[in-house]
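Below are the chains, spelled out letter by letter.
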Amino acid sequence: MTKDYEAIPCEVCRDLAPLVADGVASEQSAALVRAHLAACPACAAEWPGLAADSSAPPPPPEPDDARVLRRLHRRLTNRTALLLAVGTVGGTLLTYSRYSLLSILFFPLVCGVLSWQRDPVWRLLPLLTFAASALVNLAASLAFHSYLNWQTAVINSLVIGAAAAGLCLLGALAGRWLAYAFKKEEKQE
């Protein structure tokens, strides 16, 4: 008749004990190690916290990867939406400031960077830019240019919005072209 602690040799127990202590061993391995430690005083002296009758707390539960990824994705989505909103409104207001020529660079740059990074949200930027530019221009035209009738103000606003959206699309095209060029360059090396 074999002794209970001989179910696994001492060498195997010493190899598995650190894994059990870290909580990464399988349930069957942990049970074998604990049974061996309960019956073998030499091994139990080396690993006193792993004995079967030990009151050591169980290892913490593994993090829920899906939950962590959802939370991270939600944070990134919220930050991207905030960046889009601030960028669109900021660029539109920049258009009507004394630095209006900077908007010619601003819209393509923001959209180009987003498309270069392959962030699909760049597709929203031309639409948001069109809407924001058209609305701000319509409000400014009706408020400050009383000589314009509302039809002319609407047409003027739509043209300004289309120009801003066109600048975004040019930036997106440049960003995709750069992404393709750098990807092709990486493959050649």
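Definitions and limits used
- Residues numbered from 1 in each chain as written.
- Predicted model: local features only at pLDDT ≥ 70, side-chain atom pairs only at ≥ 80, totals over all residues.
- Heavy atoms only, no water.
- Helix = DSSP H or I, 4+ residues; strand = E, 2+ residues; numbered from the N terminus.
- Buried < 20%, exposed > 50% of the residue type's maximum accessible area, 1.4 Å probe, protein only.
- Areas by Shrake-Rupley, 256 points an atom, 1.4 Å probe, with all protein chains shown as cover.
- Axes fitted to C-alpha atoms, helices over the stretch in contact; angles between N-to-C directions.
- Parallel < 35°, antiparallel > 145°, perpendicular 65-115°, else oblique.
- Left-handed = near helix turned anticlockwise from the far one by under 90°.
- Contact = heavy atoms within 4.5 Å.
- Nonpolar A, V, L, I, M, F, W, Y, C, P; charged D, E, K, R; others polar.
- Salt bridge = Lys/Arg side-chain N within 4 Å of Asp/Glu carboxyl O.
- Patch = residues over 30% accessible without salt bridge, like charges linked within 9 Å, V, L, I, M, F, W, Y side chains within 5 Å.
- Core = buried A, V, L, I, M, F, W, Y, C linked by side-chain atoms within 4.5 Å.
- Disulfide = S-S within 2.5 Å.
- Lys, Arg positive; Asp, Glu negative; His and termini not counted.
- Charge placed at Lys NZ, Arg CZ, Asp CG, Glu CD.
- Expected span 1.5 Å × (residues − 1).
- Arc of directions from axis to C-beta.
- pLDDT = per-residue confidence, 0-100.
- Bend = angle between axes of the 7 residues up to and from the residue.

Caption draft 1: Region of the structure containing the overall build of the protein. When helices and strands are tallied, the protein shows 7 helices and 0 strands. When the helices and strands of the protein are listed from N to C terminus, the series reads α-α-α-α-α-α-α. For the protein, the residues scored as buried account for 25% of the 189 residues in total. Total accessible area computed for the protein in this model is approximately 13,200 Å², and 66% of it derives from carbon and sulfur atoms.

Caption draft 2: View of the packing of helix α1 (residues 10-22) against helix α2 (residues 27-39). The N-to-C vectors of α1 and α2 enclose an angle of 120 degrees; their axes lie 9 Å apart at closest approach. Considering the angle they form, α1 stands oblique to α2. You can see that α1 and α2 cross each other, and the crossing is left-handed. For the pair α1 and α2, the contacting residues are Cys 10, Cys 13, Leu 16, Ala 17 and Val 20 in the first and Ser 29, Ala 30, Val 33, Arg 34, His 36 and Leu 37 in the second. Split into classes, the residues belonging to the contact of α1 with α2 amount to 8 nonpolar, 2 polar and 1 charged.

Caption draft 3: Looking closely at the pattern of salt bridges. Using the criterion set out here, one finds 1 salt bridge in the structure. Note that Arg 14 and Glu 46 form a salt bridge whose closest N and O atoms lie 2.9 Å from each other. Taken together, the residues span a long stretch of sequence, with Arg 14 in helix α1 and Glu 46 in helix α3 (residues 41-46) at a distance of 32 residues. Using a relative accessible area of 46% as the deciding quantity, one classes Glu 46 as partly exposed.

Caption draft 4: Region of the structure containing a nonpolar patch on the surface. Residues Trp 116, Trp 177, Leu 178 and Phe 182 make up a contiguous nonpolar surface patch of about 440 Å² in total accessible area. Among the elements that take part in the nonpolar patch, helix α7 (residues 150-188) stands out by supplying 3 residues, more than any other. Mapping Trp 116 onto the fold places it in helix α5 (residues 102-116).

Caption draft 5: Here's a closer look at the nonpolar core. Listed in full, the 10 residues of the largest apolar core are Ile 8, Cys 13, Ala 17, Val 20, Ala 30, Val 33, Leu 37, Cys 40, Cys 43 and Leu 50. Of all elements in the fold, only α1 and α2 reach the threshold of two or more residues within this core. Once you skip the residues sitting within four places of it in the chain, Ala 17 turns out to touch Val 33, Trp 47 and Leu 50.

Caption draft 6: Seen up close, the state of the cysteines. For the structure shown, the criterion picks out 0 disulfides. Not engaged in a disulfide, the cysteine Cys 40 finds its nearest cysteine sulfur in Cys 43; these two sulfurs lie 3.8 Å apart. For Cys 40, a relative accessible area of 5% gives the class buried.

Caption draft 7: Quick look at a positive patch on the surface. Residues Arg 67, Arg 70, Arg 71, Arg 74, Arg 75 and Arg 79 make up a contiguous surface patch of positive charge. With respect to the secondary-structure elements, Arg 75 resides in helix α4 (residues 65-95).

Caption draft 8: Spatial organisation of α2. Between its first and last C-alpha atoms α2 spans 18 Å; for 13 residues at 1.5 Å apiece the expected length is 18 Å, and the two agree. All of the buried residues along α2 are Ser 29, Ala 30, Val 33, His 36 and Leu 37. One face of α2 carries all of its buried residues, which in axial projection span an arc of 130 degrees. Summarising the geometry of α2, the exposed residues directed more than 90 degrees from the buried face are Glu 27, Gln 28 and Ala 38.

Caption draft 9: Representation of the environment of Ile 104 within the structure. As for its position among the elements, Ile 104 is in helix α5. C-alpha of Ile 104 to C-alpha of Leu 94: the two residues are 10 residues apart in sequence and 9.8 Å apart in space.

Caption draft 10: Spatial organisation of the confidence of the model for the protein. For the protein, mean pLDDT is 77; residues scoring 70 or higher make up 79% of the total. Summarising per-element confidence for the protein, the mean pLDDT is lowest in α4 (74) and highest in α1 (87).

Caption draft 11: Fine view of α1. In a regular helix each residue adds 1.5 Å, so 13 residues correspond to 18 Å; α1 covers 19 Å between its end C-alpha atoms and thus fits that length. Helix geometry: α1 is bent most strongly at Leu 16, by close to 35 degrees, with proline Pro 18 lying one to four residues after it. Cys 13, Ala 17 and Val 20 are the residues of α1 that are buried. Residues of α1 that are buried make contact with α2 and α3. Positive phi appears at Gly 23, one or two residues downstream of α1, with a value of about 80 degrees.

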